[in-house]
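# A closer look at the structure
Next come the chains, spelled out residue by residue.
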Amino acid sequence: RTRTGLDSALASAAMAEKIPWSTPIPCDIGPGWTRMTKPRANGPPGSRVADHTWIGPDGKKYRSEKQARAAAANPAAASAVPAAGGKPKKAAAKKPPTTLKVAYNPPTARAAAAAAAAAAAA
């Protein structure tokens, strides 16, 4: 029987909880740097797809080898490297309003007549 939909999602979630991260192994980034690996639960059976996490000597975790190498090359700027992956977001430019904040109510016929009478009396 093949699994579909919710059955497959539940099975993947259960497998993800059972698969632990590997023990930290030394890596070639520098002294004190380690890498942990966890195989993906939702890959095909026998798949070699895995997720990696690099841990610096100070205990900070990095989601990509590029971020880890940048932090190792310049420890003073390590805090400038985003830890959650990706580039820092730019501030969005504010757009001018496309509509008026106060609704425009055109004058009614009675108000127009009253304004015309006031102008004639003056």
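Structure: see above.
Presented here is an overview of the structure given in this document. Fair warning: this is a prediction, and the values are worked out from it, not measured in the lab.

Time to look at the packing of aromatic side chains. Enumeration over the complete set of coordinates arrives at one aromatic pair. Where tryptophan 33 meets tyrosine 62, the ring centres are 5.6 Å apart and the plane angle is 40°; that geometry is what we call tilted. One end of the pair, tryptophan 33, is in the loop between strand E1 (25–26) and strand E2 (34–39); the other, tyrosine 62, is in strand E4 (residues 61–62), and 29 residues separate them in sequence. Note on tryptophan 33: relative accessible area 7%, which makes it buried.

Of all the residues in helix H2 (residues 65–73), the buried ones are Gln67, Ala68 and Ala71. The buried residues of H2 occupy one face: seen down the axis, they fall within an arc of 100°. Turned more than 90 degrees from where H2 packs its buried face, Lys66 and Ala73 sit exposed. Buried positions along H2 lie against strand E3 (50–55) and E4.

As a further point, take the sheet that holds E2. Spatially, E1-E2-E3-E4 is the arrangement adopted by the four strands of the open sheet, whose pairing is antiparallel. Edge positions in the sheet fall to E1 and E4, since each of these pairs with one other strand and no more. When E1 meets E2, the two strands line up antiparallel, connected through two bridges. Residue pairing in the sheet places proline 26 in a bridge with threonine 34 of E2.

In this section: the environment of glycine 59. Of note, glycine 59 is situated in the loop between E3 and E4. Remark: the alpha-carbon pair of glycine 59 and tryptophan 33, spanning 26 residues in sequence, is separated by 9.0 Å.

Calculation criteria
Residues numbered from 1 in each chain as written. Predicted model: local features only at pLDDT ≥ 70, side-chain atom pairs only at ≥ 80, totals over all residues. Heavy atoms only, no water. Phe/Tyr/Trp six-rings, centres within 6.5 Å; stacked < 30°, edge-to-face > 60°. Helix = DSSP H or I, 4+ residues; strand = E, 2+ residues; numbered from the N terminus. Buried < 20%, exposed > 50% of the residue type's maximum accessible area, 1.4 Å probe, protein only. Arc of directions from axis to C-beta. Contact = heavy atoms within 4.5 Å. Pairing = 2+ DSSP bridges.

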